[in-house]
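Take a look at the letters that make up each chain.
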Amino acid sequence: MAQYIQLIISCISLLFLLFLVPSNSENPTTKKPHPFESLKHLQGCKKGDNLAGLRELKQYLNKFGYLNYHSSKAHDDDDFDDFLEAAMKTYQANYNLKVTGTVDSETLSKMVMPRCGVPDVINGTNSMLTNKKRHHHHSRKKFHTVSHYSFFQGSPRWPVGKTHLTYWFDDTTPSNAKPAFVRAFDKWASVTQYFTFSETQDSQSSDIKIGFASGDHGDGNPFDGPGSTLAHAFAPTDGRLHCDAEESWSIGALANYTDLETVALHEIGHLLGLDHSSVADAIMYPTIPTGAVKDLHDDDVQGIKALYKI
């Protein structure tokens, strides 16, 4: 009897999952390659090397804010120059990796992991690294970490008194995906004891607009297919939150799928004003392995309370 009940539960879970898998998903034999899988053959590259594929590494680092060449043509060559080495070192420092400036296996493993599409460095401001320096202090006995949360440049936030935010789902959002967002909003409301959220059917008056899209969807931040950039959201008071429709989404931990509620928690953090954190367990950490489920962390709570002086 117990086995029969478990089988029914498994079937219901699979049926629910299928509603979240994008309708244009391809079978495993024709599945698109991960956008940054091509980086793996670059392992061991260092300054002075010239190897086919280094331009893809430059494009990756440029996409997430680490490279800013004066000439756009510099992104299109395969030279491992001084700028690329500096960008690699900044990336490694952000993710608490050994700072070598070379393309080592640990760095590559981090780069090919699914992640948020919001850049780590915006307009030359590295909030992850800047905040890391600001929130560390030394003692003669130990190195103590206080927090690694960060804010967007200028610390934008919702106006004083604007504590109730409404959200609206556009017609690209699967109905079975909505409860994951509702639970994510409820969690942020619970930990902040400041914000409350409710759904509205009025798109014009809504503070937050949620939808699923693929490729270039008109906001200047195109998605890149399955397995890489999962979603992105904008700082206050923009209110837009977009998920990549080509990802394989799930509710809960399932191998080779991405938990939608975990990503929703992360992107809502951006909507409230939090930038990325360098604490691996924090919801605002930029990457998440497939099959993983995360919740709000004390670092996230400290960050939002510091931003709004709660």
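In this text, all values refer to a predicted model and were calculated from it rather than measured experimentally.

Right, let's talk about the confidence of the model for the chain for a bit. Per-residue pLDDT for the chain averages 85, and the proportion of residues at 70 or more is 78%. Counting contacts from residues 5-19, a segment whose pLDDT is below 50, to residues more than four positions away or on other chains yields eight contacts. Below a pLDDT of 50 lies the segment residues 21-31, which in the model reaches 10 contacts outside its immediate sequence neighbourhood of four places, other chains included.

The next subject is helix 3 (residues 82-94). Taking 1.5 Å per residue, 13 residues should reach 18 Å; helix 3 reaches 19 Å between its end C-alpha atoms and fits that length. Looking at where helix 3 begins, the residue whose side-chain oxygen comes 3.3 Å from the main-chain nitrogen of phenylalanine 83 is aspartate 81. Once helix 3 ends, the next one or two residues include asparagine 96, with phi positive near 55°.

Pairing between strand 5 (residues 164-169) and strand 6 (residues 196-199): four bridges, direction parallel. Its bridge partner lying in strand 6, threonine 166 is registered against serine 198. Handedness of the crossover joining strand 5 and strand 6 through helix 6 (residues 178-192) is recorded here as right-handed.

A few words now on the UniProt feature "active site" (unreviewed entry) in the chain. Look at the UniProt record and you will see "active site" (unreviewed entry) annotated at Glu267. Within the fold, glutamate 267 resides in helix 7 (residues 260-272). Each residue touching glutamate 267, except ones within four places of it in the same chain, is listed here: Cys116, Ala231, His232, Ala233 and Leu241.

This brings us to the pairing of strand 7 (residues 208-213). Counted residue by residue, strand 7 has five buried out of six residues, so it is predominantly covered. In the sheet, strand 5 pairs with strand 7 via three bridges, with the strands oriented parallel. In the sheet register, tryptophan 168 faces strand 7, and the bridge partner there is lysine 209. Judged from the five bridges that link them, strand 7 and strand 9 (residues 240-244) form a sheet pairing that is parallel.

Quick look at the UniProt feature "binding site: Ca(2+) 2" (unreviewed entry) in the chain now. With numbering aligned to this structure, UniProt lists the feature "binding site: Ca(2+) 2" (unreviewed entry) at Asp207. Here aspartate 207 lies in the loop between strand 6 and strand 7. A relative accessible area of 13% places aspartate 207 in the buried class. When sequence neighbours within four positions are dropped, the list of residues in contact with aspartate 207 reads Trp158, Lys162, His164, Leu165, Thr166, Asp238 and Gly239. Among the polar contacts listed, one links the side chain of aspartate 207 to the side chain of lysine 162, at a separation of 3.1 Å.

The next subject is empty space enclosed by the protein. In this structure the tally under the stated criterion is one cavity of 30 Å³ or more. In this structure, the largest cavity spans a volume of roughly 110 Å³. Together, 14 residues line the largest cavity, and Val263, His266, Tyr285, Pro286 and Ile288 are the ones closest to its centre. With four residues, the top contributor of residues to the lining of the largest cavity is helix 7. Here the lining of the largest cavity is composed, by residue class, of eight nonpolar, three polar and three charged.

A pair can form between side chains of opposite charge whenever their charged atoms are brought close. Counted according to the given criterion, the structure contains 13 salt bridges. Note that aspartate 224 and lysine 63 form a salt bridge whose closest N and O atoms lie 4.0 Å from each other. Pair noted here: aspartate 224 is in the loop between strand 7 and strand 8 (231-233) and lysine 63 is in helix 2 (residues 54-63), with a separation of 161 residues, a long-range link. You can call aspartate 224 partly exposed: its relative accessible area is 23%. The class of lysine 63 is partly exposed, set by a relative accessible area of 29%. Of the charged contacts, one joins aspartate 238 and arginine 240 as a salt bridge, the two residues approaching to 2.8 Å between their closest N and O atoms. Under the relative-accessibility criterion, aspartate 238 is labelled partly exposed at 36%.

Criteria and thresholds
- Residues numbered from 1 in each chain as written.
- Predicted model: local features only at pLDDT ≥ 70, side-chain atom pairs only at ≥ 80, totals over all residues.
- Heavy atoms only, no water.
- pLDDT = per-residue confidence, 0-100.
- Contact = heavy atoms within 4.5 Å.
- Helix = DSSP H or I, 4+ residues; strand = E, 2+ residues; numbered from the N terminus.
- Expected span 1.5 Å × (residues − 1).
- Polar contact = N/O pair within 3.5 Å; in protein donor to acceptor, adjacent residues only side chain to side chain.
- Pairing = 2+ DSSP bridges.
- Right-handed = clockwise from strand over helix to strand, strands pointing away.
- UniProt positions renumbered as here; feature names shortened; annotations may be inferred.
- Buried < 20%, exposed > 50% of the residue type's maximum accessible area, 1.4 Å probe, protein only.
- 1 Å grid on protein atoms, 1.4 Å probe; cavity = no way out; pocket = protein on both sides within 12 Å on 5 of 7 lines; lining within 4 Å.
- Points joined across faces, edges and corners; volume = space filled by probe spheres on them.
- Nonpolar A, V, L, I, M, F, W, Y, C, P; charged D, E, K, R; others polar.
- Salt bridge = Lys/Arg side-chain N within 4 Å of Asp/Glu carboxyl O.

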